[in-house]
Amino acid sequence: MSPEPITLLHNKRVILGVTGSIAVYKAVDLASKLTQAGALVDVIMTQAAQQFVTPLTFQSVTGRPVYTDLWRAEGSSALPTHIAHVGLGEGTDVLAIAPATANTLAKLAHGLADDLLSVTALAARCPLLIAPAMDGGMYQHPATQTNIETLRARGAYLIEPDEGRFASGLVGKGRLPETPALLGHIRLAMAQTGALAGKRVVITAGGTREAIDPVRYISNRSSGRQGYALAQAALDAGAAVTLITTVRDLPIPLGARVVAVGSAQELHDAVLEACRDADALIMAAAVADFRPKTVAAQKIKKREGSDDAPTLELTRTADILLSVKAARAQSGFPRLVVGFAAESQDLLTNARAKLERKGLDLLVANDISATDAGFEVGTNRVVILDAAGGATPLELMSKTRVAEAVIARVAAE
Ligand code: CTP
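Since this is a predicted model, take the numbers as computed values, not measurements. Within each chain, residues carry numbers counting from 1 in the order of the written sequence. Side-chain atom pairs in this predicted model are given and counted only at pLDDT of 80 or more, local residue features only at pLDDT of at least 70, and totals for whole chains, interfaces and linings cover all residues. Excluding hydrogens and water, the side-chain values take into account all heavy atoms of the structure.

Peer 1: I'd love a proper account of the overall build of the protein chain, names of residues and values included.
Peer 2: Put simply, DSSP H or I for four residues or longer makes a helix, DSSP E for two residues or longer makes a strand, and each gets a number counted from the N terminus. Counting its regular elements, the protein chain contains 13 helices and 22 strands. For the C-alpha atoms alone, the extent of the protein chain along its principal axes is close to 80 × 55 × 40 Å. Out of the 413 residues belonging to the protein chain, those deemed buried represent 49%. A contact between two residues is defined here by any heavy atoms of the two lying within 4.5 Å. In the protein chain, 66% of the contacts between residues at least 6 apart in sequence involve partners at least 24 apart. Exposure was quantified through the Shrake-Rupley algorithm and a 1.4 Å probe, taking into account, for residues, occlusion by the shown protein chains and nothing else. Surface accessibility of the protein chain: about 19,900 Å² in total, with carbon and sulfur atoms responsible for 53%. Residues scored as charged are limited to Lys and Arg (positive) and Asp and Glu (negative), so that His and the chain ends carry no count. Note that the charge is assigned to NZ on lysines, CZ on arginines, CG on aspartates and CD on glutamates. Here the protein chain contributes 41 positively and 41 negatively charged side chains, and the mean placements of these two sets differ by 2 Å. The rule is simple: take the accessible area with a 1.4 Å probe, protein chains only, and divide by the maximum for that residue type; under 20% is buried, over 50% is exposed, in between is partly exposed.

Peer 1: Now, about a nonpolar patch on the surface: what can you tell me, with residues and values included?
Peer 2: Together, Ile 22, Tyr 25 and Phe 52 make up an exposed nonpolar region whose accessible area comes to about 320 Å². Mapped onto the secondary structure, Tyr 25 falls in helix H1 (residues 24-36). Patch membership requires more than 30% relative accessible area and the absence of a salt bridge. Residues of like charge join within 9 Å; the nonpolar side chains Val, Leu, Ile, Met, Phe, Trp and Tyr join within 5 Å. The working definition used for a salt bridge is a side-chain nitrogen of Lys or Arg within 4 Å of a carboxyl oxygen of Asp or Glu.

Peer 1: Tell me about the site of the ligand, and please be specific about residues and values.
Peer 2: Around the ligand, 16 residues are found, and the nearest of them are Met 283, Ala 285, Phe 340, Lys 354 and Lys 358. Think of a polar contact as two N or O atoms within 3.5 Å of one another; within protein, one of them needs to be a possible hydrogen donor and the other a possible acceptor, and neighboring residues in sequence only count if both atoms come from side chains. Residue Leu 321 places a main-chain N or O atom 3.0 Å away from an oxygen atom belonging to the ligand. In this structure, Phe 340 approaches the ligand through a main-chain N or O atom, which is 2.9 Å from an oxygen atom. The fraction of the free accessible surface of the ligand (560 Å²) that becomes covered by protein chains is 79%. When residues of the shell around the ligand are traced back to their parent elements, those giving at least two are helix H11 (320-331) and strand S17 (336-343). No other element matches S17, which puts 4 residues into the shell around the ligand. Residues are counted as near a molecule or strand when any one of their heavy atoms sits within 4 Å of it.

Put into structure tokens, the structure is as follows:
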């Protein structure tokens, strides 16, 4: 399945600067994924980069001309030669140099401009991302570290290299991160001017687990995907995101602060803590309403020769949104509270009552009786209710798009 387009990157102009490192093969994948995400990717290769792969490789994955020469802009009728370096930089939303060699870092730090990439970097006024990649010794060298500090102080976004084994066989820090991480950093850099820049958003995800004994628990069918999509959408809007989650097997959106919890009580405590200074809380988690009254200290065993089964006595869990409502009445935080409602009947009536009872600003109501919406599927069909009595139905769409619609509403409140 091809990845879903990324709204933040759609029709955005990305210049990918590629320099001479064995890690250029990862840049090919990055160029491909950026293109699939909807970005218009112009690749600039240095001479050294062309020793590893040809421009045709990048041209094939981006479907656009690749620039290699300061004096010739081959294949580009849109960009006459004499303004290629300025033209490339000017209309661009982000300039990402990945991999960036020690030599390129040094040139950028000192403002040298002797090839198309270094000239473009000087001319560009968009955010500059740099992903250094080199042997560990070169990366740790004071000259390289000083250059990195210079660039960082000047506002460049430096991506920390990974540790691991190099092509040389040596082990250390200096490997180019994998594509998902590079893509995540590009998203974070582009989100800095988003509608939620400077805002703190707390998001909960997944179904809680209520222990029966040390190996068993009661849970529900929530996958956590809607919550994770909300976290990514909030990050794409520039928010500082705390993701409180019961889920262990979904990739964490890069940049989110993660708090791992299990039970409704743990989620309750983590939410109240995180909300003390939050601008918004979005409660997408499916919280258990009941838990076993007692948790057996040892695994509950069958009795030999008996068909007996234990009877579980249940008790109510705390309603987290009601606790948030009480805390908010005292402190004013979180400034905005969004709930979710999973209903199998009388969607709007039940949802409206829930919004009022829980003191919510927005409520995302979800009809779980539909087979193409709700738990365990990639799509959702929701209605967004607001405290003023409004109801906005959204058509059937992916959980990513639902998340973006909810975040847009949060930003507009
Ligand atoms: N919620 C909560 N604490 C609970 C249960 C639910 O904060 N103990 C939150 C959910 O995260 C969601 C909203 O309340 O944002 C509505 O959840 P839902 O399960 O639809 O409603 P309940 O309050 O549990 O009511 P019911 O199950 O009776 O419909």
